[in-house]
Amino acid sequence: MNFSVTELFLIVTAYLLFLFGIAYATEREIIPRRISQHPITHMLSLGTYASAWTFYGAFEMLENSGFLFLSSYLGASAAFIMAPTLLIPIFNITNRYKLSSLADLFAFRFRSGLVGTITTLLLLLATLPLLSIQIQAVTDSLHILNDDFASSQIAAAFCILIALFAILFGTRHPSMRARNRGLVMAMATSALIKLIALISISVYVLFSVLGGPTETLQWLNTNPQILASLTGDNNDDSWHTLLLAFFAATLVMPHMFHLAFTENRSTESLYKASWGMPLYLLLLAVCVPVIVLAGYKLEIHKESSFLLLYLSQLLHSEWLIITVFIGGLTAASGIIIVASISLASMLQNHLILPLIKTPENVKFYAWLLWLRRILISLVVLCSYIFYMTFGAHQQIHLLGLSAFVAFLQFLPGIIATLFWLGANRIGFIAGLILGMSSWIITTFYPVMLQQGVLLSDTNIDSLNWQSSAIISLLLNIGAFILISRLTRTYPEETRAGEACLINTMDSPSDIQRPSFETADIIRLLTPKLGETAARREFQHAITQLGLDIDQIRPLDLLRLRNALEQNLSALIGPIEAATILESLAKQPVDRSFKARDIHLLETHLETYQAKLSGLAAELDELRRFHRRTLEKLPLGACTVTPSQHILFWNHEIAKLTGLNSYDVADLSLSDLPEPWCTLLPDFINQDDNHLTDTQVIINGDNYWLTLHKSQLSENPDSSIIILVEDETEHHLLTDKLRHSERLASIGRFAAGVAHEIGNPITGIACLAQNLSLETDQPEVLQAGDQIMEQTRRINRIVQSLVRFAHTGQTITDIQCESINLKQCIEEAIQLVSLDIHARQQQFICELNSDVRVEGDPQLLLQVFVNILNNACDASLPEGAIVISCEQAEQRVFLSITDEGTGIDKAIQDKLFEPFFTTKEPGKGTGLGLSLVYNILTEHYGSIEIISPANNKQNKGTQVIITLPGSRPEVKNDFS
Ligand code: ADP
Ligand code: MG
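Residues numbered from 1 in each chain as written. Chains lettered and ligands numbered in written order. Predicted model: local features only at pLDDT ≥ 70, side-chain atom pairs only at ≥ 80, totals over all residues. Heavy atoms only, no water.

*Asks:* Please give an account of the site of ligand 1 that cites residues and values.
*Replies:* Not every one of the 18 residues close to ligand 1 is listed here, only the nearest: Thr-917, Thr-918, Lys-919, Thr-925 and Gly-926. Note that an oxygen atom of ligand 1 is positioned 2.5 Å from one of the side-chain N or O atoms of Thr-917. In this structure, Leu-929 approaches ligand 1 through a main-chain N or O atom, which is 2.8 Å from an oxygen atom. Listing elements by their share of the shell around ligand 1, those giving two or more residues are helix H38 (857-874) and helix H39 (928-938). Among the elements that make up the shell around ligand 1, the one with the highest residue count is H38 (three residues). Split into classes, the residues belonging to the shell around ligand 1 amount to six nonpolar, 10 polar and two charged. (Near = heavy atom within 4 Å. Polar contact = N/O pair within 3.5 Å; in protein donor to acceptor, adjacent residues only side chain to side chain. Helix = DSSP H or I, 4+ residues; strand = E, 2+ residues; numbered from the N terminus. Nonpolar A, V, L, I, M, F, W, Y, C, P; charged D, E, K, R; others polar.)

*Asks:* Residue-level account of the pattern of salt bridges, with values.
*Replies:* The tally for this structure, following the rule as stated, stands at 13 salt bridges. Between Glu-268 and Lys-272 there is a salt bridge, with its nearest N and O atoms 3.4 Å apart. Pair noted here: Glu-268 and Lys-272 are both in helix H15 (residues 268-297), with a separation of four residues, about one helical turn. Overall, the relative accessible area of 42% leaves Glu-268 in the partly exposed class. A salt bridge links Lys-919 to Asp-873; the nearest nitrogen and oxygen atoms lie 3.0 Å apart. Taken together, the residues Lys-919 in the loop between strand S10 (891-898) and H39 and Asp-873 in helix H38 connect sequence positions 46 residues apart. Here Lys-919 falls in the partly exposed class, since its relative accessible area comes to 32%. In the salt-bridge network here, residues are joined through shared partners; they are Glu-29, Arg-33 and Arg-181. (Salt bridge = Lys/Arg side-chain N within 4 Å of Asp/Glu carboxyl O. Buried < 20%, exposed > 50% of the residue type's maximum accessible area, 1.4 Å probe, protein only.)

*Asks:* Mind laying out the sheet that holds strand S2 (residues 646-649), listing which residues take part and the relevant values?
*Replies:* On the basis of which strands lie adjacent, the open sheet formed by five strands has the order S2-S1-S5-S4-S3 and antiparallel pairing. The open sheet has two edge strands with one neighbour each: S2 and strand S3 (690-698). This sheet shows a mean twist of 25° between the axes of neighbouring strands, independent of strand direction. (Pairing = 2+ DSSP bridges. Axes fitted to C-alpha atoms, helices over the stretch in contact; angles between N-to-C directions.)

*Asks:* Now, about helix H26 (residues 531-545): what can you tell me, with residues and values included?
*Replies:* Over its 15 residues, H26 runs 21 Å from end to end, which matches the ideal 21 Å to within 8%, given 1.5 Å per residue. Those residues of H26 lying buried are Ala-533, Ala-534, Glu-537, Phe-538, Ala-541 and Ile-542. The positive-phi residue at the C-terminal boundary of H26 is Gly-546, with phi of around 65°. (Expected span 1.5 Å × (residues − 1).)

*Asks:* Describe the packing of helix H25 (residues 518-529) against H26, and please don't skip the residues or the numbers.
*Replies:* Between H25 and H26, the shortest axis-to-axis distance is 7 Å and the interhelical angle comes to 135°. As summarised for this structure, H25 and H26 are arranged oblique, according to the angle between their axes. Crossing of H25 against H26: the hand is right-handed. Contacts from Thr-518, Ile-521, Ile-522, Leu-525, Thr-526 and Leu-529 of H25 reach H26 at Glu-531, Ala-533, Ala-534, Arg-535, Glu-537 and Phe-538. Counted by class, the contact of H25 with H26 contains seven nonpolar, two polar and three charged residues. (Parallel < 35°, antiparallel > 145°, perpendicular 65-115°, else oblique. Left-handed = near helix turned anticlockwise from the far one by under 90°. Contact = heavy atoms within 4.5 Å.)

*Asks:* Describe the packing of aromatic side chains, and please don't skip the residues or the numbers.
*Replies:* Under the definition given, this model contains 20 aromatic pairs. Centroid distance Trp-420 to Phe-480: 5.8 Å. Interplanar angle 70°. Geometry classified as edge-to-face. Residue Trp-420 is found in the loop between helix H20 (411-419) and helix H21 (425-449), and its partner Phe-480 is found in helix H23 (residues 465-486); the two are separated by 60 residues along the sequence. Take Trp-420: its relative accessible area is 21%, and that puts it in the partly exposed class. Judged by its relative accessible area of 4%, Phe-480 falls in the buried class. Here a set of aromatic residues connected by ring pairs shows up, and it is made of Phe-106, Phe-110, Trp-420, Phe-428 and Phe-480. (Phe/Tyr/Trp six-rings, centres within 6.5 Å; stacked < 30°, edge-to-face > 60°.)

*Asks:* Any chance you could break down the nonpolar core for me, citing the residues and the numbers?
*Replies:* Counting residues in each nonpolar core, the largest one holds 202 residues, and the members touching the most others are Ile-291 and Phe-407. Here the element with the most residues in this core is helix H17 (residues 318-355); it accounts for 19 residues. Taken domain by domain, the makeup of this core includes at least three residues from each of domain 1 (5-394) and domain 2 (510-590). In terms of nonpolar packing, the next biggest core, distinct from the first, is built from 39 residues, Ile-825, Val-832, Val-851 and Ile-945 among them. (Core = buried A, V, L, I, M, F, W, Y, C linked by side-chain atoms within 4.5 Å. Domains from an automatic or database assignment.)

*Asks:* So what's going on with the side chain of Ser-484? Residues and values would help.
*Replies:* Tracing the chain through its elements places Ser-484 in helix H23. Ser-484 gets classed as buried once you look at its relative accessible area, which sits at 3%. Leaving out residues up to four positions away in the same chain, Ser-484 has contacts with Trp-420, Gly-422, Ala-423, Asn-424, Gly-427, Ala-479 and Thr-489.

*Asks:* Which residues make up the pairing of strand S5 (residues 720-726), and what values go with them?
*Replies:* Note: strand S1 (residues 636-640) against S5, five bridges, orientation antiparallel. Across the sheet, the residue bridging to Val-640 is Ile-720, located in S5. As paired elements, strand S4 (residues 701-711) and S5 share seven bridges and run antiparallel to each other. Among the inter-strand pairings, Leu-705 is bridged to a residue of S5, identified as Asp-726.

*Asks:* Would you mind going over the sheet that holds S10 in detail, with residue names and values included?
*Replies:* Strand order across the open sheet formed by five strands is S7-S9-S10-S12-S11, with mixed pairing between neighbours. On the outer flanks of this sheet lie strand S7 (842-845) and strand S11 (942-946), each paired with one strand and no other. Strand-to-strand twist of the sheet, defined as the mean angle between neighbouring strand axes without regard to direction, takes the value 15°. Its contacts with the sheet put H38 on S7, strand S9 (880-888), S10, S11 and strand S12 (957-964), and the angle it makes with S12 is roughly 170°. H39 contacts S11 and S12 of the sheet and is inclined by roughly 140° relative to S11.

*Asks:* I'd like a rundown of a nonpolar patch on the surface, residues and numbers included.
*Replies:* Taken together, the side chains of Ile-40, Trp-275, Leu-279, Leu-282, Leu-283 and Val-286 define a hydrophobic patch exposed on the protein surface, amounting to about 550 Å² of accessible area. In terms of residue count, the dominant contributor to the nonpolar patch is H15 (five residues). Looking at the secondary structure, you find Leu-283 in helix H15. Overall, Leu-283 belongs to the partly exposed group, its relative accessible area being 35%. (Patch = residues over 30% accessible without salt bridge, like charges linked within 9 Å, V, L, I, M, F, W, Y side chains within 5 Å. Areas by Shrake-Rupley, 256 points an atom, 1.4 Å probe, with all protein chains shown as cover.)

Given below as C-alpha cells:
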C-alpha cells in the first residue's frame, strides 16, 4: 500500500502543525498553567528519551541481539530510579547557579572556559550521529511509504520544519533558564503519542495477527526455534557496556539535560520521574517483542528496523500505517528539536560569546535571541550534512550505538562534579580528550569508514565496540584521576567543587567585602550588554532581591553581584558572566580580613544548623556557646578589622551606643555617630592599651568610660578587640564621697569656730544683761534686750553650722512639742525684719491662730527664717510675701509665696544641694535650703518649691512645707 506524496506531505505537515498548536496554546495559556506546569507534564516530556532509536532501532536489535535491546530501557530506568542521588543534586546545582547545559555545568565546576568549549565541541560531535539517524529514520520511513521521494529533499524539508519549531518555541526568552512551557508541553504530548501509538499497534497485532495471548504461547511452544533466536545471541559483555552507555546518555545527552534540568523548576517532577519514567519505558519495551513475534508470524524478512512499517503495510491498514509513521515522526522530531536548542545554547556560551564582541548599537536581548536562532539552524544544518555524508548509508542502530559510547565519556565528569572535590580542569580535559580520541579511533572512525561493508554485515559484535567503549572509558577515568592528582588544583576550582558537592553548604570563602558601587556594576555590564540591557539586568536584580536602590549596604552589594552573576549565567553562560563581573570580586580588600566575611559565615551557619550532624553539630554548638558568652558579656565588647570595619558588636555596647549589632554590621568606626566615631578610632590609634575614666557626652548626658583594647593575634594586621566599661555610676559615687569628705572637714572647722565664737558671745550676752541693772532708760533697756536676742540667734546659727557639718547624722537633740504655727511665723518675720532690706517687705500672714504643729520650735524657726530670707532676697522692695496654711488629715500644709524673681528651671533640682547658691559671695552661703531640708526630714515633713508661682507673669516662688499636725490632747474619760 502506497501513499501519494501529497498525502504524506499533508500528514507530516498536519502533525507538525498539531505540535505547533499545542505549543502555541500553552504559551497563550489556552491550555491552563495547572496542566502545562504540572510535574507529570514535565516528567512526561522526559519521554523524549525514546527517540527513533527506540521506535525503530529496538526491533532490529531484538532480532539481532535478542533481549539485549532491553539495555536501552534498563539503562535509562536505572538513571531515573537514581534520581534522588543523581538527577536532583545536578538539578540543584544548575538551578542555583542558573546553568543551562552540560557544558555550563562543567565550565562552572572547573572554572574554565576551555572546559566549556571542549565539552561543547565533543558533545556536538557525539550528538550529530544521533541526530542524523533521526533524520534518516524519518526519510527512510517516508521512502518506504512512497518510492518517489527523493531522500535528500525530504530530509531537507523535514529539517527546515524542525528548525522552525525549535526557533519558534525554544527561544522565547533571552534567558536560557526561562521556561519554554510550549516546548515542554509539546514534548510531553509527543511522548504520550509515542506510547499510545506503540501500545495500540501491539494490542492490534496481538489479537489480529497472533490471535491473542494464549494462541501466541501455543504457537511459541510449537516453534521453539523462534524463542531461541530471540534470546540466543546474548552477549554477556555487551550487557554491561550497553547498560552503562545508556545510563550515562540519559544524564548527558543535550536534549535530556535540557529537559530534565534547564526546563525544570522543581525537584518534584524528578521525584515523579524516578518511578514514572521506568514505568513509561517498561510499557514501551513490552510492546517490542509482541510486534517482533507478529513479524515472525507474517514472515517479514525485510530490513527489521522498519518492521513496524512493513507489518502495517502487509496488514493493509491505513490507520495503522499512519499511526506508525506519526509515532516515528514524533520520536525523531522531539530529540532534534530539543537537542538543537541545547546545543545552540552551548555553542553560544562557549564558542561564540567568548570569541566575538557584542556589536555596538544593537538591542542586546534581540541580538542574543537571533544569535541563538542562527545557531539552532546551524546545528540542524550540521545534522543534515552529517546525514547526507555518512548517515544515509548507515544502519540506524550502529550509528546510534557509536553515539551512546561517546556519551559514556562524559560520565566521569558528572560523577566527579557530584562526588570528587579533588578533580581539576586539566585532569578533566585530559581524560575527556583521551577517552574521546580512543572512541573516535576505535568506534566512530571505523563506523564511518566501513559504511559500505557494514551494510551487508549486520552483526554488531563485528566491531568489538564494547571492549573499545570500556577501554576508552578506562583511559578517560585513569587520565582524569592521575592528572588531577599530579597537577595543581586552583582554589577557585575547589570552591566551585565545594559548591557542587552533595551535602556541602555553599562556601562563603570566596566572598569578599565589596568595595564597589552600583555605578561600577552598570559600567561593567555595558560593554557586553549595551546600556539599556545593562540597566535592565541591574534593575531586575534589585527587584529580585527586594532592595531599595537608595539604601544599598555593602552586604547588599555583594548579594546584588551574586544575583547578577546568576542571571547573566542564564543569559550568556557561567564563564562569560563570571568574566564580566570578575573585577568586582578582585577589588583590593584588606588582607587581615582573610577574604572571609564573618557575618556571612555566621548567617550561613545559622541556615545550615539543622543540616549539621555529628562532630560538625557539636562544633557548631561550641561556637554558639562562645558567641553567646561574648554577646552577654556585662562589658561592651566589639571587634574591628585594622581598617576599622566592625566585625562584632555585643549587647552591652549596643545598649551603651543605642546601635544594635545589625545596624553596625557593615559600618566602619568612622561611620558611627558622635562621640563614637572619634573616641574609638582615636583610642585604636593611641599607643596605650587602656584609657581610664574618659568623659564623653552621650545624648546630652555625661558619661565616664574606661576603654581597653588588644590585638587578636601577634600579627599587626589582625583584628582588634575593644572593651568599653561604663564607669559613670562609679564616678558619681566617688564624687559624692569627695564631697562628704569636704563637708566633714568643714564640720570640724565649724566646730572649732563655734567654740571660739562661743566665749566672746557669752561675754556680749553678760554685758547686755548687766545693762538692765545699770540704767533705767527704756531705749537702752530695749537695745539690751535686742542684743540678748541677737546673741541667742548667733548661738543658734553657730549651733546649726555645727549641726550641718554633721549632715547625715541624725539631729539628736530635737525637742518635740506642740507649737502654735502663727506665733512661730510671726517670730520669724520679726527676726527677718531686722535686716534693712527685709523691713521694706510686705508680709501678709493669713494663718489661723489655732493651727498647731508638732516639732522643735528653735529648729522650725530656723526653717522659716531661712525661707523668708530667701523670699526677701528675691523680692523687689515692697514686694508682698504671702504666708497661708491648710490642714488635712493630720498634716499641715504651709505655703510661703513671694513675687520675686522666681527660680530658673535648670537649677531647680540643685536647690537643696549644700553650698548651691546664685547669690554674690558674702551674701549667700548656699546652706539655707539644705539645712531646711534636713530639719524637715527629721520632722517627718517635706518641702516642695514651685516656680514660677505666677505662671502668667512668669515670676514668684511658692514654697510648700508639709508638717505633721499636732494631735489634740487626749482626754482621759476614766480619770
Ligand atoms: P543662699 O540663700 O545662701 O543662696 P539657699 O540654699 O537658701 O542658699 O538657696 C539656694 C538658692 O536658691 C538661692 O541662691 C536662690 O538662687 C534660690 N532661691 C531660694 N529661694 C528662692 C526664692 N524664694 N526665690 C528665688 N530664688 C530662690
Ligand atoms: Mg538662703
